[in-house]
Amino acid sequence: MDYGGGYSTTSYGAQGGAGGGGFMGGSQGGSQGGAGKGTYGKDTLRPVTIKQILDAQQPHPDAEFKIDDVEITQITFVGQIRNISTQTTNITYKLDDGTGTVEAKQWIDADAGTSMDITSDGSVSKPKLVENEWARVWGRLKAFNNKRHVGVHVIRPITDKMDITYHLLEATYVHLYFTKGSLDTIKQENGTANGNQEVGYGGGGGDTSMNGLRIPNVSMNAKRVYQVLKESPQNNEGLHVQNIAALASMNVAEVLKAGDELLSHSMIFTTVDDNTWALLEF
Amino acid sequence: MASEATPRISAKYLDSFTNQIVRILGKVVSLRGETATIDANGSINLHLNRDAHLSLNNAVEVVGKVQPDLSVKVLQATDFGGNIDFNAVEAVVDATHRYKEIFYESND
């Protein structure tokens, strides 16, 4: 009689009963868990190569993965399907884009029953995914038993082969944006450098310069901290990490890391204590 | 994992990738049974395998091994149709080697 009441006392049972499988509950919990931690508002969709997925850093288990020191949430990539393996709970696609190989898992929604139809019968409206054809995936990077896979939200065959080319260029562009700064900044920097002093185009490979001063190839965050220190009013004690964090709208950990980088390049120095920095100008 | 990467190259990169497995996107200019010639910013001779089905004038993406004589032994060929912008393709090859950190592991 009191069917619902009985189940609702144990949330575990209710999930299992309703979802029709423990895996569904798990995967839902996983993605919602991420949302609960406050990443929901800053979700991004980043185009990446498979090598970037394999090289992504995870500071500690359960943390979001980072590529180029930037947290990733949703990612999109392309790949040639090397293998399709259909299991009771999921379909695993092995994808290769020429930069590496990664597995993408699509959980089967037993209730909806739509994903199943892809393999059983090509007549459904869903497009067909076959081995050796190219596909695009939208999903989220997961780690399970030290093995990485991508939890698939959507996987679709690529109909226009130019998508592959465009995707790789887009992934490069975004990688450069995060490692070298936006196109506008770079143009500006080069402009200033050429105007103020004799910094030739030749330096373009390694160093970029900022406001006429040569600075080594440092991360975006380090450039931001440097910029803040350069532009903010301060006395000869420089600025405290907390102030820099506020001015650059970065968190303290990021500022500290950026600071280490700048310290190692002797671009800033510590003043009254280890966490108060000033520019080393000469 | 890294060894599975197949760097994208064009004709001018052939000599730096001998004995390696690469990925080349080019246009089929001639077909002669077991061999074929494609244009990928320069012409490349291919030794075809049995499953390779190339169409004249179409673009083809080849995964293959660069031989010492700079021809390529095809391991896999995928037809890419007739609608490929080869300027963009060359831009990807250029980006692959200029920013290799996101494309392939290299020894240097």
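What counts and what doesn't
- Residues numbered from 1 in each chain as written.
- Chains lettered and ligands numbered in written order.
- Predicted model: local features only at pLDDT ≥ 70, side-chain atom pairs only at ≥ 80, totals over all residues.
- Heavy atoms only, no water.
- UniProt positions renumbered as here; feature names shortened; annotations may be inferred.
- Helix = DSSP H or I, 4+ residues; strand = E, 2+ residues; numbered from the N terminus.
- Buried < 20%, exposed > 50% of the residue type's maximum accessible area, 1.4 Å probe, protein only.
- Contact = heavy atoms within 4.5 Å.
- Areas by Shrake-Rupley, 256 points an atom, 1.4 Å probe, with all protein chains shown as cover.
- Arc of directions from axis to C-beta.
- Buried area = accessible area lost by both parts, 1.4 Å probe.
- Salt bridge = Lys/Arg side-chain N within 4 Å of Asp/Glu carboxyl O.
- Polar contact = N/O pair within 3.5 Å; in protein donor to acceptor, adjacent residues only side chain to side chain.
- Nonpolar A, V, L, I, M, F, W, Y, C, P; charged D, E, K, R; others polar.

- In the annotation of an unreviewed UniProt entry, the entry for chain B reads Replication factor A protein 3, and the organism field reads Cladonia borealis.
- What the UniProt record of chain B gives under Subcellular location (unreviewed entry) is the line "Nucleus".
- According to its UniProt record, chain B has this under Sequence similarities (unreviewed entry): "Belongs to the replication factor A protein 3 family."

- The name an unreviewed UniProt entry assigns to chain A is Replication protein A C-terminal domain-containing protein, from the organism Cladonia borealis.
- Recorded in UniProt under Subcellular location (unreviewed entry), the annotation for chain A is "Nucleus".
- Per UniProt, the comment on chain A under Sequence similarities (unreviewed entry) is "Belongs to the replication factor A protein 2 family."

**Quick word on the overall build of chain B**
Moving on, step 1. Looking only at helices and strands, one finds 1 helix and 5 strands in chain B.
Moving on, step 2. Listed by position from the N terminus, the elements making up chain B come as β-β-β-β-β-α.
Moving on, step 3. Counting only residues that meet the buried cut, chain B has 47% of its 108 residues in that class.
Moving on, step 4. Of the contacts formed within chain B by residues at least 6 apart in sequence, a portion of 53% connects residues at least 24 apart.
Moving on, step 5. Accessible surface for chain B amounts to roughly 5,500 Å². Of this, 45% is attributable to carbon and sulfur atoms.

**Focus: helix α9 (residues 241–248) of chain A**
Residues three or four positions apart in an α-helix share a direction because the helix packs 3.6 residues into each turn.
Residues and elements named next belong to chain A.
Moving on, step 1. Listed as buried for α9 are Val241, Ile244, Ala245 and Ala248. Looking straight down α9, one finds that the buried residues subtend no more than 100° of arc, so they occupy a single side. What points out from α9, more than 90 degrees from its buried face, is the exposed set Ala246 and Leu247.
Moving on, step 2. If you follow the buried residues of α9, they end up packed against α8 (220–231), β11 (239–240), α10 (252–264) and β13 (276–279).
Moving on, step 3. Just past α9, the residue Ser249 takes up positive phi, approximately 40°.

**Some points on the interface of chain A and chain B**
Moving on, step 1. Opposite the 27 residues of chain A that make contact, chain B presents 26 residues.
Moving on, step 2. When chain A packs against chain B, close to 2,200 Å² is buried across both sides, 60% of that on carbon and sulfur atoms.
Moving on, step 3. Here chain A is connected to chain B by 2 salt bridges.
Moving on, step 4. Here B:Arg23 and A:Asp96 are joined by a salt bridge, their closest N and O atoms 3.5 Å apart.
Moving on, step 5. On inspection of chain A and its partner chain B, the count reaches 10 residue pairs in polar contact (both at pLDDT 80 or more).
Moving on, step 6. No other element matches helix α6 (residues 162–180) of chain A, which puts 11 residues into the side of chain A that touches chain B.
Moving on, step 7. Within the side of chain A that touches chain B, the residues separate by chemical class into 9 nonpolar, 11 polar and 7 charged.

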